[in-house]
Each structure stands twice: as C-alpha cells, then as structure tokens.
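Listed here are the chains, written in short residue letters.
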Amino acid sequence: MKAKPYQIDALVPRLQKEFAAALVFGTDAAGIQEVAKKIQKIVIPKAGAFSVVPLTPADLKSTPNRVLEEANTPDLMGGRRLIWLKEATASHADIMSDFVQKRQTDAFLLMTADNLTKSAALRVESEMNPNILVIACYPPEVMDLRRIIQNFTKESGFELTPDAIDYLIQNTDDNTLILKNELNKIALWNNDKKCITLDLIQCLVGSGTVNTDTLIQALANRQTERTLSALNALLLQGENPVTLVRAVARYFSNLLKGVDKLEAGENPVDIAKKILKPAQFRLEESVITQLRSWSKKALLQAHHSLLNAEIQMKSGVLDPELVLKQSLLMLTKK
C-alpha cells in the first residue's frame, strides 16, 4: 500500500496490527530517516536491547537468510521485533517477499533505500502487496514547506510575515527536520504570541544553524575558508557526508545546464531563477556570477570528482568525512 509521509499518523493502528513490513525510499535522506524512525517507534513503542535489529547488505553476504532468521527468532524479553535493513536496493525484492510469506512471528521488516525507479523489483513487489506499507520521500516543494509553517503557527497561536517565511525556508535548506526544530525554538521564545517579522526571524535563526546552501555557495564561489567552516559546522550538526556530496553534485549539475543555456543566448537572470528555488531569490546575483566564472570543462570535472567521492565513501575503505573535505577543498582551488 502506498502512502505519503504525512499520512503515517492515520496509519498507526495498521502499522501495529496489520502491516508486516514497510519500504521507505526516495531522494530526501532526512525525510527517509524521519519516517523510518517514526515507523520504528509506532511498531515498537518501547524498544529493548534486542527488539530492533539493524542490518545492511554487507551483513547478508555470508548469511543471505539473515533477515528471515532474525524474524523467526523470538525476542528474549517477549516483545515484538523489528528488523531494519538499511541501504536496501532493487535486488532485495526476494528478501521482502520471503519475509512476508515465511515469517512465523509478528516481527516487522523495515527497509530504507535510495531512490527506486517505478520498475525496480523491490518497489514493484512492495507496492503490489497489501501487507507492505510503501512511502516515497522526496524533497518538499516550497508550497509544502509553507503549509508546514502555516499549520504550525496557527496551532501555536502566532503568525509569520511572508518575508519571514521565505527567510526561514531558505535558511533551513528544504529540510523538514531542521525547519520543525527552528519552529519549535521560535514558539518557545515567542511566549507573548507576537507576529514574527523578517528582522525578528533573522535574529532568532541567525547563522547558528548552517544549511547546505551556505556550503554550496561558498564552494561555487571558490571561498576555501568559508567552505571548510560551513562543512565542519554541517558535520557537527550530524549531516551525512553522502547526503552532502549529493546535494553539491546536484547543484553543480544544474550549474552546468545553466552554462549551456547561457551559451545559447538565454538571459542569465532567467537561468538563475530556474536553478534556484523560489525561496532562494536572494542568491540570484551569486548564481549569475558563477555561470560566468565556471567553464563547462571545470563543471564536468567537478561533477566527476564528486561522483568519485561518493563511490569512495560507500566503499568503506576511507573515512567519508575525510573524502568529502578533500574533494570539496580541491574544487575551491580549480
């Protein structure tokens, strides 16, 4: 059964009694993590030492039936068990189907994966089975983020001016987790329920939370010290190195498309608007400068370097944070 992330609360009874498994996938890493943790808490409200079994594909190489074995092993404390297979791929469709068909306990299988195409075996298998909940997580649109803010402020009894909303969206990097954290902090501060203006939101949010835009813009502007500072801050905030390298690669890919359009005679202002999201309008001048300062050759090399960095991170041979730092700092010097 397919559902949206915001529908989870309505599915609590079915997650506790009806569904045997869940597949959470997409391109929004933060959203996937949030949804997966929420499902875990619903299925096992009080997790014990042996009630949650985290696995990765590497754990299945020597024991391909590990998921089913764990499912059919009763919890020593008598509770329900949840097997969480992280980094699942399309090739794990058989594991999902075997689990649903052959489990002999009330164990629950949670799979999280990167984006899966519509024809991916795991996605097809899961969507066709009524006993499996499937949730796709993609970066929210600006309208979705506005709705989150407006619903929160309405429930909390105060308002944000339109420009304050734009600023908050821009400075939380389209990340719903960061956005909700900032909203909670604002609500705690705003005891007298005053209207939050742009000046106030700038003081409240400030630069305490570094967002991915800060890193990307520093990198695209070849500001070495600012890049390193933003990167260190993001890592301290708990950002995943793979998620960061993908965000940077996505931006450079868009910049490459923009350079093509610039060479074709398109207006640079129009190109910048297409590269940026509506709430990022303050970055237009910076993007226009980047379109003129980065050559196609340099952007292609950057994209190749970032792709290679992601491969190295996933290999597990080198420290992902070190790989990321080296890759980004090399780009600032090109």
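Here the structure is shown first, and the text comes after it.
Residues numbered from 1 in each chain as written. Predicted model: local features only at pLDDT ≥ 70, side-chain atom pairs only at ≥ 80, totals over all residues. Heavy atoms only, no water.

A. The arrangement of the pairing of strand 2 (residues 21–26) in detail. Of all six residues making up strand 2, six are buried, and the element is well covered by its neighbours. Side chains Ala21, Leu23 and Phe25 of strand 2 all project onto a buried face; the interleaved residues Ala22, Val24 and Gly26 project onto the opposite face, where all are buried too. Bridge count between strand 2 and strand 5 (residues 108–113): five bridges; the pairing is parallel. Following the sheet pairing, phenylalanine 25 is matched in strand 5 by alanine 113. Both strand 2 and strand 6 (residues 132–137) contribute to a ladder of six bridges, which runs parallel. The residue bridging alanine 21 from the neighbouring strand is isoleucine 132, located in strand 6. (Buried < 20%, exposed > 50% of the residue type's maximum accessible area, 1.4 Å probe, protein only. Helix = DSSP H or I, 4+ residues; strand = E, 2+ residues; numbered from the N terminus. Pairing = 2+ DSSP bridges.)

B. Main features of helix 2 (residues 29–43). Here helix 2 contains 15 residues, and its C-alpha end-to-end distance of 21 Å stays within 8% of the 21 Å for a straight helix at 1.5 Å per residue. By the burial criterion, the buried members of helix 2 are Ala30, Gly31, Ile32, Val35, Ala36, Ile39, Gln40, Ile42 and Val43. (Expected span 1.5 Å × (residues − 1).)

C. Region of the structure containing the sheet that holds strand 3 (residues 52–55). Across the sheet, six strands lie side by side as 1-6-2-5-4-3; this open sheet has parallel pairing. Strands with a single pairing partner mark the edges of an open sheet, and in this sheet they are strand 1 (2–3) and strand 3. The sheet contact formed by strand 3 and strand 4 (residues 82–88) spans four bridges and is parallel. Bridge assignment links valine 53 to a residue of strand 4, and that residue is isoleucine 83. Sheet strands in contact with helix 2 are strand 2, strand 3, strand 4, strand 5 and strand 6, and its direction is about 175° off that of strand 5. (Contact = heavy atoms within 4.5 Å. Axes fitted to C-alpha atoms, helices over the stretch in contact; angles between N-to-C directions.)

D. Main features of helix 9 (residues 176–189). An ideal rise of 1.5 Å per residue puts 20 Å on 14 residues; helix 9 measures up with 20 Å between its terminal C-alpha atoms. Three or more residues of helix 9 are buried, namely Thr176, Ile178, Leu179, Glu182, Leu183 and Ile186. Down the axis of helix 9, the smallest arc covering the buried residues is 160°, so these residues share one side. (Arc of directions from axis to C-beta.)

E. Quick look at the environment of leucine 307. One can find leucine 307 in helix 16 (residues 296–315). Leucine 307 sits in the partly exposed class, given a relative accessible area of 45%. C-alpha separation for the pair leucine 307 and valine 245, spaced 62 residues apart in sequence, amounts to 8.2 Å.

F. The arrangement of the environment of leucine 283 in detail. Following the sequence through the fold, leucine 283 ends up in the loop between helix 14 (268–275) and helix 15 (284–293). With 225 residues separating them in the primary sequence, leucine 283 and alanine 58 have C-alpha atoms 42 Å apart. Contact partners of leucine 283, with chain neighbours within four places excluded, come to Gln170, Asp213, Gln217 and Leu276.

G. Quick peek at the pattern of salt bridges. Taken as a whole and judged by the stated rule, the model has 18 salt bridges. The partner of lysine 180 in a salt bridge is glutamate 34, with the nearest N and O atoms 3.4 Å apart. Here lysine 180, found in helix 9, pairs with glutamate 34, found in helix 2; they are 146 residues apart in sequence, far enough to count as distant. Taking relative accessible area as the criterion, lysine 180 reaches 36% and is therefore assigned partly exposed. On the accessibility criterion, glutamate 34 (24% relative accessible area) is partly exposed. Between arginine 123 and glutamate 127 there is a salt bridge, with the nearest N and O atoms lying 3.0 Å from each other. Note that arginine 123 and glutamate 127 are positioned in helix 6 (residues 121–128) at a spacing of four residues, about one turn of the helix. Its relative accessible area of 24% is what places glutamate 127 among the partly exposed residues. (Salt bridge = Lys/Arg side-chain N within 4 Å of Asp/Glu carboxyl O.)

Worth remembering: the numbers are spatial, not functional.
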